[in-house]
Amino acid sequence: MVTTSIITIGDELLIGQTIDTNSAWMAQQLNAMGIWVHRRVAIGDVKEDILTTMAKEAAVSDIILITGGLGPTADDITKPTLCEYFGTRLVQDEEVLKKVLYMFESRGLPILQRNVDQALVPASCTVLSNDRGSAPGMWFEKDGKIYVSMPGVPHEMKGIMENHVLPRLEAHFNTPAVVHHTLITSGMGESFVAERITDFEAKLPPHIKLAYLPSYSLLKLRLTAQGADKITTAAELGIYFTELKERLVDITVADQDLTMGEVLGGLLKERGKTVGTAESCTGGLIASWITAVPGSSNYFKGSVVAYANEMKVKMLGVQAATLQAHGAVSEATVREMVTGALQLLETDYAIAVSGIMGPDGGTPEKPVGTVWIAVGSRQRTTAIKYHLRYDRERNTQMTAVYAMNELRKLILQED
């Protein structure tokens, strides 16, 4: 099997100032074409660490992908370090220079020497053009191993990977066909699902693997098959995936690897329906997840973030007497929030949430993690209470997932 090591460079990664999303995205793309990521390593902007890590990863992998350290500032030391590793020198690439000059001149910006120096590349590399920025990618080959250095900016790295690196790797290596199918479930814990499909998992052939991927009240079950060709492999995997779906039909959310925003949006778009949200404890997170999907303007009308009680009254028409008698975190309140949202936003469906996310604010009657969710249409409204037990961030995320899934179920029930 062809293997890869991913090296991410930057002090900001080590201190947690920047989250490394590059490695995860690259690993997904490589795995889809049958290249296994052997190791992911994050290191700082230290020349000795870069040199040592590159040599160490080349000893165990066929491909070494490097991101970061290619900017115009003094702390970006990757290019001179690559020159030392490959025994070469920096030279000016005319095509890159033309591109850099055009980028600045077309925007009416002054050009500094450090910007011009972006066109300096190691003489022994193959330059990979960067259509989204000034720093190019660089492809090296040494002792039968492939090294690729790219900018750490995710948008730029993805462009270089998609336009240059992935096609070159596919042409260079003869990799096996890899096919994935993902089932998303909710409402049953990982261990209980595993117990339910023990015999199914036991009969899987060696080249088909089942992975359990729990996250925020959802459980993804990913079946992965490897084979000589994609059509035969996909056909075989499809048979097993169909059986898996049949066994878990009662807890299935989706039979594709989608976000909850995509799942809910797909249902609404298919039916020509609209939705709005009335959010308290989630602070607009549900609306954010819905609108993260391209084309969501076709079915999402808007949101009311009514965090304070007076806003629930003023904007959503919640009765002051309801808040006085039952409190903001109650079935009566979220039901009235749904009614108010349906009227104000003029939608077919509405979601309402109110809860105590923590770490403070709980009472013996309503401890931290108490959440009421309501979803409704013009015909009916359903409400459900949850008792969550995590920190503020996770409680908020889980509330958003539960609320969107409750609306998914309501839409299917109305069908």
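Here, residues in each chain are numbered from 1, in the same order as that chain's written sequence. Only residues with pLDDT of 70 or above have their local features reported here, since the model is predicted, and side-chain atom pairs are shown and tallied only from 80 upward, although totals for entire chains, interfaces and linings are computed over all residues. Here the side-chain values reflect all heavy atoms present in the structure, with hydrogen atoms and water set aside.

**Q** Account for the layout of surface pockets, with residues named and values stated.
**A** Using protein atoms alone on a 1 Å grid, points that fit a 1.4 Å probe yet trap it form a cavity, whereas open point sets bounded by protein on both sides within 12 Å along at least five of seven lines form a pocket; residues with an atom within 4 Å of a point count as lining. Grid points are joined across faces, edges and corners, and a volume is the space filled by probe spheres set on the points. When its volume is computed, the largest pocket comes out at roughly 1,100 Å³. Residue lining of the largest pocket: 35 residues in total, with Gln28, Leu213, Lys220, Arg222 and Asp257 positioned closest to the centre. When grouped by side-chain class, the residues that make up the lining of the largest pocket number 18 nonpolar, twelve polar and five charged. Roughly 460 Å³ of volume is contained in the second largest pocket. Around the second largest pocket, the lining is made up of 30 residues, and of these Gly68, Gly69, Pro151, Gly152 and Val153 lie nearest the centre. In this classification, the charged set is Asp, Glu, Lys and Arg, the nonpolar set is Ala, Val, Leu, Ile, Met, Phe, Trp, Tyr, Cys and Pro, and all remaining amino acids, among them Gly, are polar. Here the residues of the lining of the second largest pocket sort into ten nonpolar, 14 polar and six charged.

**Q** I'd love a proper account of helix 2 (residues 22-32), names of residues and values included.
**A** Helical geometry note: an α-helix holds 3.6 residues per turn, so side chains three or four residues apart project in the same direction. Burial classes: relative accessible area under 20% of the type maximum marks a residue as buried, over 50% as exposed, and values in between as partly exposed (1.4 Å probe, protein chains only). Helix and strand definitions follow DSSP, with helices as H or I runs of at least four residues and strands as E runs of at least two, each counted in order from the N terminus. Taken together, the buried positions of helix 2 are occupied by Asn22, Ser23, Trp25, Met26, Ala27 and Leu30. Of the residues trailing helix 2, Gly34 is marked for its positive phi of about 85 degrees.

**Q** Run through empty space enclosed by the protein, naming residues and quoting values.
**A** What the rule picks out here adds up to one cavity of 30 Å³ or more. Approximately 50 Å³ is the volume attributed to the largest cavity. Forming the walls of the largest cavity are Met1, Asn31, Gly34, Ile35, Trp36, Pro176, Val178 and Gln226. Here the residues of the lining of the largest cavity sort into five nonpolar, three polar and no charged.

**Q** With reference to specific residues and values, describe the pairing of strand 13 (residues 275-279).
**A** Within a regular strand, the side chains alternate between the two sheet faces. The element strand 13 is extensively covered by neighbouring structure, given that five of its five residues are classed as buried. Here strand 13 shows no split at all, with Val275, Thr277 and Glu279 on one side and Gly276 and Ala278 on the other all buried. Two strands are said to pair when DSSP picks up at least two bridges between them. Sheet analysis places strand 13 next to strand 14 (residues 300-305), joined by five bridges and oriented parallel. Looking at strand 14, one finds that Val275 is bridged to Phe300. Throughout, right-handed denotes a crossover for which the path from the first strand over the helix to the second runs clockwise when the strands point away from the viewer. Chirality of the crossover, the property in question, places the unit of strand 13, helix 12 (residues 285-291) and strand 14 among those that are right-handed. Where strand 13 lies against strand 15 (residues 349-355), five bridges are found, and the strand directions are parallel. Across the sheet, residue Thr277 finds its bridge partner in strand 15, namely Ile351.

Purely geometric numbers; function is a separate question.
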